[in-house]
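# Commentary on secondary and tertiary structure
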Amino acid sequence: MSTILDLHTHSEASEDSRAPVEAYLNWIKLRQAERPVDGIVLTEHRQFNRDADYRHLEDKFGTLVLRASEVETNYGHMLVFGVNDDMVARFDFADVRLDAQTLIDEVARMGGIVVPCHPGRPNIGLYEHYQSRPPLENVVAVEALNGGSRKGEDERSAELIAKYGFAATGGSDSHLVSLIGLCATKFSAYIKTIDDLVRELKTGNYEPVDFRPRRKTVPHAVAMESR
Amino acid sequence: MAVNYDPALINKTFEITEPVEVKADKIKRYCAALGETNPIYTDEEAAKKGPYGGIVAPPSFAVTFRNGRHFFDNVPRFGLRGFDAGKDVEFVAPIRPGDQVTLSSHVKEIYEKTGRTGTMVFVVIRSTLKNQNDQVLAHIDHRFMNRP
Amino acid sequence: MNSFEEINIGDTLGPLELFVSKDQCRAYARTMGMGEGAGRFTDDEAARKEGLPGMIIPGNMSLGLLSKLVTDWIGSSNAWLTRMNTTYRVPVQPDHTVTIHGFITNKNPEERTTEIDVWMENEESERLVTGTATVEFRK
């Protein structure tokens, strides 16, 4: 039994989103035919909300809600899965200059996994840093598809993945309700908990899936009304 | 490493600005610049029958009150370039021609994040717009992004 | 427009396709009396000196256009745009076609409010400006 999860999402807990988790789950229900995701992972910016409890919403919508974090390092932004008290004590998640190699190694030692996200994005993605500095060690997977990518960014991510043989994930990076589930990751295993997810992410046994609509052709633009 | 700033800056109101009169012509030109055609903003006769009993400015007009150097002299600068990164506006009451609008502002928050263009310091300024009757018209959180 | 009761989550506003010319961008900047830093909104050369690809549309103008999608939808009813939150993700260049999208994402029957996602995208489907709006349906 496979599981499709949107591994990269931001709710109103992030400073740059107003999206309530409940509205995300409702939107997934509404768009199930086009975006058949089984669950979402909340990756709030520079924080881990240890006490957030979404069980009532999981029950109401039958959609899995897991929690992780998106942190900022000297090699760009990275998703941290399997966050526990040891990691929160070891790292200041609000620090925008975390050392990437230390983070990757320490999180692995403490039982989690770090997945660099939007690697093809300027400045905050791995690709650009790899042009001028030595590659990081012990990277298992990177985010191949990101719902917020600009033109060329996913292509650069693909180039990096081909060169280094990384496993590849997908996530919407949604900050708006209606953008949830546009990109996701398909696991061949059944995932029910964050421990299941961390275990599966370490195996590399998954693939990114793209549910973004194809661009419709614009017939013609209306000139702005002027005086 | 966090951003260095004087914590006393937070929540301290700047000097409240002198009132600025909302001219009917300014609303008209604002509407023209945005291609606005809604009669409640553009047509006096139609607006009289509308929900506000006369012409009002489009809600977004609230963000156009710059009140001279009010911000630029008071906002802490952390880089060479400042950019408008976004706004969160609460529209409380319609702005009408003839309103005398004052603006009071304070620094709400300062934080750091990294993006496509590098390390950025965000300064959030909250402004409250009031009219001559001390009625609140809008609250605006301006997110200013500073980068080298 | 529909009454509050007739609105459904998933309903769309627009899409509205617009071609904003450089002259319209300059007219907005001039109308708003933008003094300091206005070069980037009126002149390609001044904008390039600031590391931009050319003239850009003021953030406030984008906010105005996103708000207009919502107020066009409201029309002359007594529904009221109570909140608009915008993020300027990518500089918006004039002399291009942009498309403005809106989706109803939530309804609160007690407060009679709806939440709306709004964004402006370019010809490459890149989202340049994103936002959320709240509309209150006053009785």
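Going by the structure above, here's the rest.
## Considerations on the interface of chain C and chain B
Contact with chain C, which involves 35 residues of that partner, is made by 36 residues of chain B. Between chain C and chain B lies a buried interface of about 3,000 Å² when both sides are counted; carbon and sulfur atoms form 52% of it. At the boundary of chain C with chain B, the tally comes to 1 salt bridge. Across the pair Asp88 of chain B and Arg83 of chain C runs a salt bridge whose closest N-O atoms are separated by 2.6 Å. Our count for the contact surface shared by chain C and chain B stands at 12 residue pairs in polar contact (both at pLDDT 80 or more). With 10 residues, helix 4 (residues 59-74) of chain C is the single largest residue contributor to the side of chain C that touches chain B. Its residues assigned to classes, the side of chain C that touches chain B comprises 12 nonpolar, 14 polar and 9 charged.

## Focus: the interface of chain B and chain A
Counting residues at the interface gives 15 residues for chain B, matched by 20 residues for chain A. Of the roughly 1,400 Å² buried where chain B meets chain A, counting both sides, 48% is carbon and sulfur surface. The salt bridge partner of Glu153 of chain A is Arg116 of chain B, with a shortest N-O separation of 2.9 Å. Where chain B meets chain A, there are 8 residue pairs in polar contact (both at pLDDT 80 or more). Take the side of chain B that touches chain A: its biggest share by element is 5 residues, from strand 3 (residues 100-115) of chain B.

## Overview of helix 4 (residues 100-109) of chain A
Among the residues of helix 4 of chain A, those classed as buried are Ala100, Leu103, Ile104, Glu106 and Val107 of chain A. Those residues of helix 4 of chain A hidden inside the fold are in contact with strand 3 (64-73), strand 4 (76-81), helix 3 (85-90) and strand 5 (113-116) of chain A.

## Considerations on the packing of aromatic side chains
Where two aromatic rings form a pair, the distance of their centres and the angle of their planes describe that pair. All names here are of chain B. Here the structure, examined in full by the defined rule, presents 13 aromatic pairs over all chains. Relative to Phe122, the ring of Tyr111 has its centre 5.3 Å away and its plane inclined at 5 degrees; by these criteria the two rings are stacked. One end of the pair, Tyr111, is in strand 3; the other, Phe122, is in strand 4 (residues 118-130), with 11 residues separating them in the sequence. Each member of the pair, Tyr111 as well as Phe122, is classed as buried.

## Describing unusual backbone geometry
Cis geometry is found at the peptide bond from Gly14 of chain C to Pro15 of chain C, where omega equals 0 degrees. Here Pro15 of chain C is to be found in strand 1 (residues 12-20). Phi at Asn138 of chain A is positive, roughly 65 degrees, even though this residue is not glycine. Looking at where Asn138 of chain A falls in the secondary structure, it is placed in the loop between helix 5 (126-130) and strand 6 (141-146). Here Asn11 of chain B, not a glycine, exhibits a phi torsion of approximately 70 degrees, which is positive. Tracing the backbone through its elements, the reader meets Asn11 of chain B in the segment before strand 1 (20-21). What makes Asn11 of chain B exposed here is its relative accessible area of 53%.

## As for the side chain of Arg127 of chain C
Locating Arg127 of chain C in the fold gives a position in strand 5 (residues 127-136). Glu121 of chain C provides the closest opposite charge to the buried, salt-bridge-free Arg127 of chain C, at an N-O distance of 5.2 Å. At 2.6 Å, the side chain of Arg127 of chain C forms a polar contact with the backbone oxygen of Gly147 of chain A. Residue contacts for Arg127 of chain C: discarding those within four places in its chain leaves Gly147, Gly148 and Leu179 of chain A together with Arg89, Val90, Trp119, Met120 and Glu121 of chain C.

## Some thoughts on the pattern of salt bridges
Oppositely charged side chains can pair when the atoms bearing their charge come close. On inspection of all chains with the given rule, the structure shows 36 salt bridges over all chains. Put simply, Arg29 of chain B and Asp25 of chain B hold a salt bridge, and the shortest N to O gap is 3.1 Å. Remark: Asp25 of chain B and Arg29 of chain B occur in helix 1 (residues 24-34); sequence separation between them is 4 residues, near one turn of the helix. On the basis of relative accessible area, Asp25 of chain B is assigned to the partly exposed category, the value being 44%. Overlapping salt bridges, with partners in common, bring together Glu15, Asp16, Arg46 and Glu72 of chain A together with Lys113 of chain B in one network.

## A look at the pairing of strand 4 of chain B
Residue and element names in this part refer to chain B. Extensive coverage of strand 4 is indicated by the burial of 10 of its 13 residues. Both strand 3 and strand 4 contribute to a ladder of 13 bridges, which runs antiparallel. Paired with Thr102 across the bridge in strand 4 is Lys130. Counting the residues in the hairpin turn of strand 3 and strand 4 gives 2 residues. Relative to strand 5 (residues 136-147), strand 4 runs antiparallel, the two being bridged by 10 bridges. Each residue of the ladder has a partner; that of Val121, found in strand 5, is Asn146. Connecting strand 4 to the antiparallel partner strand 5 that follows it, the hairpin turn spans 5 residues, and Asp134 within it adopts a positive phi of roughly 65 degrees.

Reading the values: rules and limits
- Residues numbered from 1 in each chain as written.
- Chains lettered and ligands numbered in written order.
- Predicted model: local features only at pLDDT ≥ 70, side-chain atom pairs only at ≥ 80, totals over all residues.
- Heavy atoms only, no water.
- Contact = heavy atoms within 4.5 Å.
- Buried area = accessible area lost by both parts, 1.4 Å probe.
- Salt bridge = Lys/Arg side-chain N within 4 Å of Asp/Glu carboxyl O.
- Polar contact = N/O pair within 3.5 Å; in protein donor to acceptor, adjacent residues only side chain to side chain.
- Helix = DSSP H or I, 4+ residues; strand = E, 2+ residues; numbered from the N terminus.
- Nonpolar A, V, L, I, M, F, W, Y, C, P; charged D, E, K, R; others polar.
- Buried < 20%, exposed > 50% of the residue type's maximum accessible area, 1.4 Å probe, protein only.
- Phe/Tyr/Trp six-rings, centres within 6.5 Å; stacked < 30°, edge-to-face > 60°.
- Lys, Arg positive; Asp, Glu negative; His and termini not counted.
- Pairing = 2+ DSSP bridges.

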